Amino acid sequence: MLGALIRSLRPRQWLKNGFVFAALVFDGQLAQPGPFLRTLAGFFVFCLASSSVYLINDLADLQEDRLHPVKKSRPLPSGALPVSVARVAAALLVLVSLSAAVALSTAFAAIVAAYIVSNLLYSWRLKHVPILDVFIVTAGFVLRVAAGTTLIVVERFSPWLYVCMTLLALFLALGKRRAELKLLANSAGQHRRVLDGYTIPLLDQLLVIVSSSTIMAYSLYTFSADNLPANHLMMLTIPFVIYGIFRYVWLAQVQDAGGAPEDLLLTDRPLLAAFLLWGVSATAILYLGT
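All values reported here derive from a predicted model rather than from experimental measurement.

A. Structural detail: the overall build of the protein chain. Scanning the protein chain from terminus to terminus reveals 14 helices and zero strands. Projected onto its principal axes, the C-alpha positions of the protein chain cover 55 × 45 × 30 Å. A total of 290 residues make up the protein chain; the buried ones form 49% of that total. In the protein chain, 72% of the contacts between residues at least 6 apart in sequence involve partners at least 24 apart. In the form shown here, the protein chain has an accessible surface area of approximately 13600 Å², with 70% of it arising from carbon and sulfur atoms.

This is the structure in structure tokens:
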């Protein structure tokens, strides 16, 4: 049962909470022990909060997941994790994450609370509303970035990063919806009601719009943000972003992947290489560029 509970907490998806570090890295404070430790603590708090959300969402989707070709093997739908244990664990995680967030800062606690509440609304109703459902998912990523700014004294963090994060999260959420629709085909609406409001052509068109906007927004950020080196070296990272987006679109439309972006990042070597090269080059430019 313990193993089933741990799997239901989805530790592999804790990678998403790394966006809490965005303010620390892009404000040039990565090497400072105090801000780093506070941000690291915030990361773990968000891991607890996000795991509570995963449990709550699994409880809300229990009947549909039992009919899903992939999700039926998850601990809750398969019966490996009792519903009562999942409920208690979700409640404890909410309590512990909010208490720990308050200990870090009231502003950070407010963002964690907003993240949990928005996901409760998502599980209860909003996940059934086309377009709005992907915006709620996107809001979770933007809240992670905003949370990082409350843990340190921000001096040079650019608002352009909020724009880039919003567009990137929308891009990934739309790709995930496309993968679900492709996998479930004609029975999609039986497993996830909101999929009745989407079509593959619509999602492909939205992906084109959002991917183009993401590349444009990131490109504008690299040569217009005040926190970047004046020599515009950050523009050298643009090709990694373009390749990563193109690779994900290829995986989604040619390989019918994209249902779990965090898994793709860890398993698709070209995509992982693009991400690592972007991360190393961007960090080097921020901290060593003149």
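B. Layout of the packing of helix 12 (residues 238-253) against helix 14 (residues 269-288). It is at 9 Å that the axes of helix 12 and helix 14 come closest, and there the two elements cross at 160°. On the basis of their axis angle, the class for helix 12 and helix 14 is roughly antiparallel. In this structure, the crossing between helix 12 and helix 14 has a hand that is left-handed. Contacts between helix 12 and helix 14 involve Phe240, Val241, Tyr243, Gly244, Arg247 and Leu251 from the former and Pro270, Leu271, Ala274, Leu277, Trp278 and Ser281 from the latter. Classifying every residue of the contact of helix 12 with helix 14 gives nine nonpolar, two polar and one charged.

C. Representation of the pattern of salt bridges. Applying the stated criterion across every chain, the model contains six salt bridges. Note that Asp133 and Arg177 form a salt bridge whose closest N and O atoms lie 2.7 Å from each other. Of this pair, Asp133 sits in helix 8 (residues 132-151) while Arg177 sits in helix 9 (residues 160-184), placing them 44 residues apart in sequence. A salt bridge links Arg178 to Asp204, with the nearest nitrogen and oxygen atoms 2.5 Å apart. Of this pair, Arg178 sits in helix 9 while Asp204 sits in helix 11 (residues 200-224), and the two are 26 residues apart along the sequence. Taken individually, Arg178 and Asp204 each receive the classification buried, so the pair is uniform in this respect. Here the salt bridges do not stand alone but share partners, grouping Arg10, Asp58 and Arg74 into one network.

D. Structural detail: unusual backbone geometry. Backbone geometry at Arg10 places phi at a positive 50°, although glycine is not the residue there. Inspection of the secondary structure puts Arg10 in the loop between helix 1 (2-8) and helix 2 (22-26). Phi is positive for His232, close to 60°, though the residue is something other than glycine. Checked against the element boundaries, His232 lands in the loop between helix 11 and helix 12. The class for His232 is partly exposed, based on a relative accessible area of 37%.

E. How the structure looks around the packing of aromatic side chains. Within this structure, the stated rule accounts for 12 aromatic pairs. Ring geometry for Phe21 and Phe43: centres 5.8 Å apart, planes at 45°, overall tilted. Residue Phe21 is found in the loop between helix 1 and helix 2, and its partner Phe43 is found in helix 3 (residues 33-60); the two are separated by 22 residues along the sequence. Measuring from ring centre to ring centre gives 5.3 Å for Phe43 and Phe44, while their planes differ by 70°; the resulting arrangement is edge-to-face. Judged by its relative accessible area of 16%, Phe43 is buried. Overall, Phe44 belongs to the partly exposed group, its relative accessible area being 48%.

F. Looking closely at a nonpolar patch on the surface. Taken together, the side chains of Met216, Leu220, Phe223 and Met235 make up a nonpolar region of the molecular surface, amounting to roughly 360 Å² of accessible area. Examined against the element boundaries, Met235 turns out to sit in the loop between helix 11 and helix 12.

G. Representation of the nonpolar core. Core analysis: the biggest nonpolar cluster contains 49 residues, and Phe26, Tyr198, Tyr218, Tyr221 and Met234 have the highest contact counts within it. Only helix 2, helix 3, helix 8, helix 9, helix 11, helix 12, helix 13 (261-267) and helix 14 provide two or more residues apiece to this core. Looking at this core element by element, the count peaks at 11 residues for helix 9. Residues Ala4, Val94, Ile111 and Leu151 belong to the second largest nonpolar core, which totals 30 residues.

H. Molecular detail of the environment of Thr222. Examined against the element boundaries, Thr222 turns out to sit in helix 11. For Thr222, a relative accessible area of 1% translates into the label buried. Distance from Thr222 to Ala282, taken between C-alpha atoms, is 10.0 Å for residues 60 residues apart in sequence. The contact partners of Thr222, leaving out residues within four places of it in the chain, are Leu228, His232, Met234, Met235, Thr237 and Ile238.

I. Summary view of the side chain of Ser97. Tracing the sequence through the fold places Ser97 in helix 6 (residues 83-104). A polar contact of 2.8 Å, which involves the side chain of Ser97, links it to the backbone oxygen of Leu93. Beyond its immediate stretch of four places on either side in the chain, Ser97 contacts Val45, Leu48, Ala49 and Ile116.

Rules and cut-offs
- Residues numbered from 1 in each chain as written.
- Predicted model: local features only at pLDDT ≥ 70, side-chain atom pairs only at ≥ 80, totals over all residues.
- Heavy atoms only, no water.
- Helix = DSSP H or I, 4+ residues; strand = E, 2+ residues; numbered from the N terminus.
- Buried < 20%, exposed > 50% of the residue type's maximum accessible area, 1.4 Å probe, protein only.
- Contact = heavy atoms within 4.5 Å.
- Areas by Shrake-Rupley, 256 points an atom, 1.4 Å probe, with all protein chains shown as cover.
- Axes fitted to C-alpha atoms, helices over the stretch in contact; angles between N-to-C directions.
- Parallel < 35°, antiparallel > 145°, perpendicular 65-115°, else oblique.
- Left-handed = near helix turned anticlockwise from the far one by under 90°.
- Nonpolar A, V, L, I, M, F, W, Y, C, P; charged D, E, K, R; others polar.
- Salt bridge = Lys/Arg side-chain N within 4 Å of Asp/Glu carboxyl O.
- Phe/Tyr/Trp six-rings, centres within 6.5 Å; stacked < 30°, edge-to-face > 60°.
- Patch = residues over 30% accessible without salt bridge, like charges linked within 9 Å, V, L, I, M, F, W, Y side chains within 5 Å.
- Core = buried A, V, L, I, M, F, W, Y, C linked by side-chain atoms within 4.5 Å.
- Polar contact = N/O pair within 3.5 Å; in protein donor to acceptor, adjacent residues only side chain to side chain.

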